[in-house]
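Chain and residue survey
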Amino acid sequence: MSVVAHRGASDDAPEHTLAAYRKAIEDGADALECDVRLTADGHLVCVHDRRVNRTSNGRGAVSALELSDLATLDFGSWKEDGYGNEAPDWQHEDPERTSVLTLERLLELVADADRRVELAIETKHPTRWAGQVEERLVELLGRFGHTKPAMNTDWTSPVRVMSFSARSLHRVRAAAPDIPGVYLMQFLTPRYRDGRLPSGVGIAGPGIRILRAHPEYVDKAHRAGHQVHVWTVNEPADVELCQELGVDAVITNRPKQVRMQLGLG
């Protein structure tokens, strides 16, 4: 079972910061998960919320701010070192814990790793930029060689794109068919209860609540030929449930602890 670091090792460092992703790689995470949004001047940045209010000392929508605006904000001091408590007056000196992270910089970090580290990128919708998000994403992934097979026929992309929007996944598949898609689900709708997924999508991404209520879903998805990647799996009982059900990947804020529970490190 693959262990994916949700927004980095976000239990130990501020989410979506370079420090959180470095820690996740050090902790042995098989993959890194990030959310991407497009700035007003066309840069993809790793920010979960539509607005920067929760995770920075600024205000406003990411889509209405330029990268230079985001670069002036503190994205880390809200999370007290090691505890995760709000501490507005606390300042950390390490810019890797406080600076906004671009997807390009995260891709560089993964490329420099001394082992294969996969990347699960979630496109956030709805957004005023609509299809421009996927267009820019595919362009950037192409620059890093992630959009088409190499000469080796066994090549598989280390990157997959996730979204709650089937339209977003279809846009990516049309532009880069070799990048796997993950259809995220907060609820198990009747349409997909039997394990099927939107056309062209090969990985199911149910929330852990779905598995608690419908443990049989994993087997149905597997029978339909799909992998199952579950979010967000932090509690030991949920890790055990995923392991028992044969889940392919768990997305967690605590990659080190989950790996230890699985006997992986």
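First, a word on scope: everything that follows refers to the structure included in this document. (Residues numbered from 1 in each chain as written. Predicted model: local features only at pLDDT ≥ 70, side-chain atom pairs only at ≥ 80, totals over all residues. Heavy atoms only, no water.)

1. Points about the overall build of the protein
Each helix and strand in the protein was counted, giving 9 helices and 9 strands. Compactness check: the protein gives a C-alpha radius of gyration of 18 Å against a globular reference of 18 Å for 265 residues, within 12% of the reference. Looking at the protein as a whole, 51% of its 265 residues are labelled buried. For the protein, long-range pairs separated by at least 24 residues make up 57% of all intrachain contacts whose partners lie at least 6 apart in sequence. Total accessible area computed for the protein in this model is approximately 12500 Å², and 47% of it derives from carbon and sulfur atoms. (Helix = DSSP H or I, 4+ residues; strand = E, 2+ residues; numbered from the N terminus. Rg over C-alpha atoms; globule rule 2.2 N^0.38 Å. Buried < 20%, exposed > 50% of the residue type's maximum accessible area, 1.4 Å probe, protein only. Contact = heavy atoms within 4.5 Å. Areas by Shrake-Rupley, 256 points an atom, 1.4 Å probe, with all protein chains shown as cover.)

2. Some details on helix 1 (residues 18-26)
Those residues of helix 1 lying buried are Leu18, Ala19, Ala20, Tyr21, Ala24 and Ile25. Residue Gly28 follows helix 1 closely and has a positive phi angle near 90 degrees.

3. Re the packing of aromatic side chains
This model, assessed by the stated rule, comprises 2 aromatic pairs. Consider the rings of Phe164 and Trp231, whose centres lie 5.8 Å apart with planes at 85 degrees: the pair is edge-to-face. Linking Phe164 in the loop between strand 5 (159-163) and helix 5 (166-175) with Trp231 in the loop between strand 8 (227-230) and helix 8 (236-245), this pair joins segments that are 67 residues apart in sequence. Overall, Phe164 belongs to the partly exposed group, its relative accessible area being 37%. With a relative accessible area of 21%, Trp231 lands in the partly exposed category. With a centroid separation of 5.4 Å and an interplanar angle of 65 degrees, the aromatic rings of Tyr183 and Tyr192 are classed as edge-to-face. Residue Tyr183 is classed as buried on the basis of its relative accessible area of 13%. Residue classification places Tyr192 among the buried residues on the basis of a relative accessible area of 7%. (Phe/Tyr/Trp six-rings, centres within 6.5 Å; stacked < 30°, edge-to-face > 60°.)

4. Structural notes on the pattern of salt bridges
Under the defined criterion, the tally for this structure stands at 20 salt bridges. Glu118 is the partner of Arg116 in a salt bridge, and the nearest nitrogen-oxygen pair spans 3.2 Å. Owing to a relative accessible area of 46%, Arg116 belongs among the partly exposed residues under this scheme. Given a relative accessible area of 21%, Glu118 falls into the partly exposed group. Where salt bridges share partners, they join Arg7, Glu15, Asp35, Asp49, Arg54, Glu122 and Lys124 into one cluster. (Salt bridge = Lys/Arg side-chain N within 4 Å of Asp/Glu carboxyl O.)

5. Focus: the packing of helix 1 against helix 3 (residues 103-112)
Direction vectors running N to C along helix 1 and helix 3 enclose 20 degrees, while the axes themselves pass 11 Å from each other. It follows that helix 1 is roughly parallel to helix 3 by the angle criterion. With respect to the hand of their crossing, helix 1 and helix 3 are arranged in right-handed fashion. Here Leu18, Tyr21, Arg22 and Ile25 of helix 1 lie close against helix 3, whose contacting residues are Arg105, Leu106 and Leu109. Residue composition of the contact of helix 1 with helix 3, by class: 5 nonpolar, no polar and 2 charged. (Axes fitted to C-alpha atoms, helices over the stretch in contact; angles between N-to-C directions. Parallel < 35°, antiparallel > 145°, perpendicular 65-115°, else oblique. Left-handed = near helix turned anticlockwise from the far one by under 90°. Nonpolar A, V, L, I, M, F, W, Y, C, P; charged D, E, K, R; others polar.)

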